[in-house]
Structures are given as structure tokens and as C-alpha cells.
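Letter by letter, the chains look like this.
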Amino acid sequence: MVRASPLPARPHGAPVTTTARAPKAPDTRGPVRKLLTSFGFQILAALVLGIAAGLIGVSLGASDENHTILSDTLDRIGGSYVTLLKAAVVPLIFTAIVASISNLRRVQNAARLAGQTILWFAITAFIAVSIGIVLGLVIQPGSKAGEGLKTGEPYAVGTWWNFLLGLIPQNFLGLSVSSSLDPTTNTVTSGVGFNILQVIVVAAAVGIAALKAGKKAEPFLAFTESLLKVIQRVLWWIIRIAPLGTFGLIGSAVIKYGWDKLTALAWFAGAIYIGLAIVLFVVYPILVKTHGLSIKQYFSGVWPAVQLAFVSRSSIGTLPLTERVTERNLGVPSGYASFAVPLGATTKMDGCAAIYPAIAAIFVAQFFDVTLSPIQYLLIVIVSVVGSAATAGTTGAIVMLTLTLSTLGLPLEGVGLLLAIDPILDMGRTAVNVAGQALVPTIVAKREGILDLDLYNAPRNGLPFAEDIDEADAADAAEPESGKEPVAAK
């Protein structure tokens with residue numbers, strides 16, 4: 001496992017010195033083997049094979065209503081992989097935040113880092129929502145909607161009151177159990193869910209309390225850090241099978257949704273994807289370049305997480321990999337990344353909480369022939385910048401859209417117009433979300449002088465987390481004895 005030292009206590013702007021890992025043995029693999037073992041190649045191959053399997057299923061008559069052996073198999077493969085990722089999220093966030101708080105007791109500028117992170121979350125959200133508003137006014141997707149669209153009540157509604165209540169933990173880990181009755185089979189199905197924002201609140205409270213407890217809490221903090229290492233190893237195994245999950249997810253999506261549903265909402269879908277592309281390939285590169293960083297290195301570093309986000313449609317499910325690439329590819333110190341990335345996974349959503357609700361709200365207003373005032377456009381900006389945390393632990397963009405519509409006084413029935421193609425849009429939205437969740441910690445770390453530039457500019461060799469188990473064990477064995485100065489590793 002790659003290890004990083006706690007963030008050093010130092011004057012603002014002072015450089016951070018690190019000691020590099022011992023060099024690896026020369027890579028003797030041939031070009032074909034290197035290609036086949038490349039994480040990016042495996043994901044792309046899984047995408048192609050998944051699309052092919054989905055098209056085969058469609059040709060055999062499979063659809064969202066007509067299940068076949070192939071469609072059910074693809075759905076279970078993809079769904080099982082996302083379930084595996086989500087199962088590891090709660091212990092990961094809890095242990096990472098508690099452990100990182102214990103590390104941050106050695107940092108003089110922890111409050112400044114937190115403030116800078118939130119500020120850049122807001123800045124990038126403001127840019128994204130502004131782009132969404134401009135595209136909505138220029139493209140006029142609501143005026144160009146096709147016929148046959150049906151309005152309907154949303155299946156989830158976001159309100160400011162529910163958001164504030166959602167910050168209060170219902171139990172130690174913010175877990176909840178919901179049950180539903182199937183009237184056709186008369187069976188009850190139960191499921192366990194969790195509110196990530198509540199998990200963060202609980203973990204932060206426990207971490208701060210442990211610090212206040214002083215020496216008596218040292219055994220607890222040591223146990224938490226050890227548990228975090230174990231969880232990270234398990235996550236390493238789960239991420240290794242990401243190509244298999246990708247195959248099932250994309251194949252199932254082709255069968256369930258297809259591309260024919262885009263017809264009536266082609267202009268709306270086009271506006272969304274244009275906005276996402278502008279943010280991902282124009283705004284983010286500009287921010288990277290203005291901070292003196294390589295655009296190529298940013299994209300090559302974050303791309304494994306962006307790929308997984310696109311097919312999994314889950315920022316939370318992608319969180320383990322997002323944190324990995326942020327630390328190991330982009331060079332953000334682990335003590336800071338373990339705060340910023342989980343926080344971003346719940347509150348930093350330029351796709352779901354900025355571009356999408358802006359364009360969708362304008363679409364609904366145009367469809368129902370409602371003229372928005374300048375004040376209402378300003379409200380769209382405010383809701384997107386301030387209210388994105390309302391999507392945490394819920395149905396994401398749909399809740400954010402209902403929150404925006406209710407704030408503007410637009411009919412919530414308009415949400416039903418867009419539900420048919422929401423999964424197709426969600427792939428692109430989530431990819432942009434994750435790219436931004438890695439970008440902001442990188443920018444803040446660079447501005448604060450704690451970014452490992454050698455690691456950021458290093459060549460990308462295969463998996464972003466690809467050290468072998470033996471190498472990680474060797475690194476553990478090489479740790480200095482107690483009482484000696486720790487060695488920072490990239």
C-alpha cells in the first residue's frame with residue numbers, strides 16, 4: 001500500500017519535501033502484455049464488449065419490459081459490482097475521516113485548507129451553472145421538445161427543510177431501512193441505505209472528540225488507522241474487477257434504455273452533453289493550466305475514475321477510486337484528500353447539481369411557456385452553488401431538480417418529462433462530477449504548496465493503485481522503528 005506522511009506543519013507557501021520510494025525493478029513485460037494489463041484498456045474493452053452484448057440482447061428481443069437470460073445476467077453483474085463498491089463506502093469514509101483528523105492535529109493550516117476547498121467548490125459550481133443557463137437560453141430545448149411527452153410527479157422531492165434535517169444523524173452511521181410491498185406477489189422487500197452526509201458528520205464528530213480526549217484516545221486512533229489500511233486493501237481487490245462490472249453495467253444500460261428514447265428530447269440531451277463537455281474539456285483544463293499544472297497529466301491521472309463513474313453512474317460507488325487517483329496520480333497528500341474527496345463526492349457535483357438543474361429548469365419553463373425573471377435566474381445560481389449537498393444520500397439530480405423547480409415556483413410535474421432519458425444523461429453527469437471532485441483538491445493543494453509535483457508529473461504506468469501486494473508488504477516491513485522520524489513516500 002502506498003503510504004503518505006501527515007501534512008506537515010509549516011509556514012504558508014513553504015515547499016514540502018518528500019523522500020521517494022525505492023525504484024522498482026525494470027518492467028520486462030512485452031508491449032502486448034502491457035496493453036492487456038492496462039486498466040484503461042481493460043475498461044475500454046469492457047465498454048465495447050458490453051455495448052456489443054447489449055446490442056445482441058436487443059436483437060434477441062430483450063428490453064426493460066421483456067427480460068431474457070442475457071439481460072438479467074448483465075444486470076446482475078453490473079448491479080453486484082456497484083453494490084460491492086457501495087458496501088465499502090461507509091467504513092472507508094468513517095475510518096478515513098477519523099484517521100485524517102488525527103493527522104491534521106499536526107497541521108497549522110487545516111482550517112485554511114477546509115475554507116479553500118469549500119470556496120473552490122462554490123467557484124466551479126458557479127461557472128458550471130452559468131454555462132448551463134447560457135446553453136438553456138441559446139439552445140431553447142423546451143421549445144424544441146418532441147411530441148408525446150407526458151408530465152408526471154417526481155418520485156423524490158428535495159426541499160431545504162429536508163436537507164437541513166438530513167444533516168442530523170438518525171443513528172451512529174446514518175443507516176436506514178426501507179420496505180415495500182409488491183401487490184402482485186404479496187411479498188415485502190426490504191433494503192438498507194445510508195446518508196453519506198450523515199456519515200461524514202458522525203465521523204467528523206468522533207474524530208474531533210478523539211482529539212479532545214487526548215492520550216486516552218490514542219489506542220482508538222491507532223486502531224482506526226489500522227482498520228483503514230485493511231479497508232483500502234479490500235477496495236484494491238474490488239477495483240481490480242472494475243472491467244467486469246463495466247461490462248455488465250453498460251450492457252444492461254443498452255438493453256434497458258437504448259438510444260431511441262433520445263428522439264423526443266434530443267435538443268435537451270444535446271444541451272446537457274454540450275454543457276458537460278465544456279466544463280470537462282474547457283473549464284477544468286483552463287483551471288489546471290492557470291495553476292501551472294499539466295493538462296495532460298491531470299486527465300491521464302483522473303481518467304480511470306472518470307471512466308468508472310461514466311458506467312457506474314455513482315459518485316459514491318466511484319469514491320474509492322477517485323480518492324486513489326487523487327492521492328497517487330495527482331499528488332494530493334492523503335491527509336487532505338481523505339477529507340476533500342469524500343466531501344466532494346456528496347457536495348461537489350458540477351454535472352448533477354449545476355449544469356443539469358439549470359438547463360432542466362429552463363426546459364420546464366419553456367415547455368410550460370413560463371417566462372423567468374432575472375431574479376429567478378439568480379435563484380438558479382444560488383440553489384446550485386449552495387444546495388448541491390441536498391443530493392447527498394438521495395436520488396441525486398432528480399432531488400436537485402425538484403429543489404430548483406420548487407424554489408422557482410415551476411411545476412414539479414415537469415420532472416416527469418425528463419425521467420425517460422435520465423439514466424443516459426446520468427452517465428455524463430457523474431463523469432463530470434468525479435472529475436471535479438479530484439480537480440478541486442489538486443488546485444487547493446497546489447495553491448497551498450503541499451502538492452507533490454514529482455508525483456503529479458510522473459509517468460502513468462498501468463493501474464493507478466497497481467503496486468503488488470508483495471511490494472506493499474515490503475513497504476510496511478521497511479517502515480522505521482517507533483520513535484524514529486517517519487519517511488514520506490510518494
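Reading the values: the criteria
- Residues numbered from 1 in each chain as written.
- Predicted model: local features only at pLDDT ≥ 70, side-chain atom pairs only at ≥ 80, totals over all residues.
- Heavy atoms only, no water.
- Helix = DSSP H or I, 4+ residues; strand = E, 2+ residues; numbered from the N terminus.
- Buried < 20%, exposed > 50% of the residue type's maximum accessible area, 1.4 Å probe, protein only.
- Contact = heavy atoms within 4.5 Å.
- Core = buried A, V, L, I, M, F, W, Y, C linked by side-chain atoms within 4.5 Å.
- Phe/Tyr/Trp six-rings, centres within 6.5 Å; stacked < 30°, edge-to-face > 60°.
- Polar contact = N/O pair within 3.5 Å; in protein donor to acceptor, adjacent residues only side chain to side chain.
- Expected span 1.5 Å × (residues − 1).
- pLDDT = per-residue confidence, 0-100.
- Axes fitted to C-alpha atoms, helices over the stretch in contact; angles between N-to-C directions.
- Parallel < 35°, antiparallel > 145°, perpendicular 65-115°, else oblique.
- Left-handed = near helix turned anticlockwise from the far one by under 90°.
- Patch = residues over 30% accessible without salt bridge, like charges linked within 9 Å, V, L, I, M, F, W, Y side chains within 5 Å.
- Areas by Shrake-Rupley, 256 points an atom, 1.4 Å probe, with all protein chains shown as cover.
- Salt bridge = Lys/Arg side-chain N within 4 Å of Asp/Glu carboxyl O.
- Nonpolar A, V, L, I, M, F, W, Y, C, P; charged D, E, K, R; others polar.

### Quick word on the overall build of the protein chain
In step 1: Scanning the protein chain for helices and strands turns up 19 helices and two strands.
In step 2: Residues classed as buried in the protein chain amount to 49% of the 490 residues present.
In step 3: For the protein chain, the share of sequence-separated contacts (at least 6 apart) that also reach a separation of at least 24 residues comes to 84%.

### Quick word on the nonpolar core
In step 1: Membership of the largest hydrophobic core comes to 111 residues, with the highest contact counts inside it found for F268, Y284, Y298, Y336, Y356, I380 and L418.
In step 2: What I380 contacts, discounting residues up to four positions off in sequence, is V129, I133, A358, A361, L372, T404 and L408.
In step 3: Counting residues in hydrophobic clusters, the runner-up holds six residues, among them M349, C352, M400 and L403.

### Comments concerning the packing of aromatic side chains
In step 1: Applying the stated criterion to the full structure yields seven aromatic pairs.
In step 2: With 6.1 Å between their ring centres and 70 degrees between their planes, F268 and Y356 make a pair best called edge-to-face. With F268 in helix α9 (residues 266-290) and Y356 in helix α13 (residues 351-367), the pair connects residues that are 88 residues apart, well separated along the chain.
In step 3: Take F268: its relative accessible area is 1%, and that puts it in the buried class.

### Brief notes about the environment of A458
In step 1: Summarising the element assignment, A458 is placed in the loop between α18 (453-456) and α19 (469-477).
In step 2: Accessibility expressed as a relative area gives 22% for A458, which makes it partly exposed.
In step 3: Residues A458 and G301, 157 residues apart in the sequence, show an inter-C-alpha distance of 9.7 Å.

### Considering the side chain of S252
In step 1: Structurally, the position occupied by S252 is in helix α8 (residues 242-256).
In step 2: Since its relative accessible area comes to 8%, S252 is described here as buried.
In step 3: Only 3.4 Å separates the side chain of S252 from the side chain of D75, close enough to count as a polar contact.
In step 4: Filtering out sequence-adjacent residues up to four positions away, S252 remains in contact with L74 and D75.

### Observations concerning the side chain of Q297
In step 1: Within the secondary structure layout, Q297 lies in helix α10 (residues 295-312).
In step 2: Within the structure, the side chain of Q297 is placed 3.4 Å from the backbone oxygen of N457, a separation counted as a polar contact.

### Notes on α10
In step 1: A rise of 1.5 Å per residue sets the reference length of α10, with its 18 residues, at 26 Å; its end C-alpha atoms lie 25 Å apart and thus fit the reference within 8%.
In step 2: Most of α10 sits out of view: 13 of its 18 residues are buried.
In step 3: Capping of α10 at its N-terminal end is provided by S294; its side-chain oxygen lies 3.4 Å from the backbone amide nitrogen of K296.

### Remarks on unusual backbone geometry
In step 1: We note that Q140 has phi near 55 degrees; this positive angle belongs to a residue other than glycine.
In step 2: Tracing the chain through its elements places Q140 in the loop between α4 (110-139) and α5 (160-166).
In step 3: According to the relative accessible area criterion, Q140 is partly exposed, its value standing at 28%.
In step 4: Positive phi, normally seen in glycine, also occurs at D369, with a value near 60 degrees.
In step 5: Counting through the fold element by element, D369 comes out in the loop between α13 and α14 (374-386).

### Some remarks on the confidence of the model for the protein chain
In step 1: A residue-level look at the protein chain finds 70% of positions with pLDDT of 70 or above and a mean pLDDT of 76.
In step 2: Segment residues 1-22: pLDDT under 50, and 58 contacts once partners within four positions in sequence are set aside and those in other chains are kept.
In step 3: Note on residues 154-158: pLDDT under 50 across the span, and 18 contacts to partners over four residues away in sequence or across chains.

### Focus on the packing of helix α11 (residues 315-328) against helix α12 (residues 334-347)
In step 1: Contact geometry of α11 with α12 gives a least axis separation of 9 Å together with a crossing angle of 150 degrees. Overall, the two elements α11 and α12 adopt an arrangement that is roughly antiparallel. Like other packed secondary-structure pairs, α11 and α12 cross with a definite hand, here right-handed. The residues of α12 that touch α11, namely those facing S315, I316, L319, T322, E323, T326 and E327, are S334, A337, S338, V341, P342, A345 and T346.

### Focus on a nonpolar patch on the surface
In step 1: A cluster of nonpolar side chains, F223, L227, V230, V234 and W237, forms an exposed patch at the surface whose accessible area comes to about 480 Å².
In step 2: Among the structural elements, V230 can be located in helix α7 (residues 218-240).

### Here's the deal with the packing of α7 against α11
In step 1: Two numbers describe how α7 lies on α11: the axes approach to 10 Å, and their chain directions differ by 105 degrees. Classified by the angle their axes make, α7 and α11 are roughly perpendicular. Each of Q232, R233, L235, W236 and I239 in α7 lies in contact with α11, whose residues at this interface are P320, L321 and R324.
In step 2: Among the residues forming the contact of α7 with α11, the class breakdown is five nonpolar, one polar and two charged.

### Looking at helix α17 (residues 422-447)
In step 1: Over its 26 residues, α17 runs 37 Å from end to end, which matches the ideal 38 Å to within 8%, given 1.5 Å per residue.
In step 2: Within α17, 24 of the 26 residues are buried, which leaves the element mostly enclosed by the surrounding structure.

### A look at the pattern of salt bridges
In step 1: Enumeration according to the criterion identifies three salt bridges in this entry.
In step 2: With a shortest N-O distance of 2.7 Å, K348 and D350 are connected by a salt bridge.
In step 3: Judged by relative accessible area, which is 2%, D350 ranks as buried.
In step 4: Across the salt bridge formed by R429 and D426, the nearest N and O atoms sit 2.9 Å from each other. Here the residue R429 and the residue D426 both occupy positions in helix α17, the gap between them amounting to three residues, near one helical turn.
In step 5: For D426, a relative accessible area of 10% gives the class buried.

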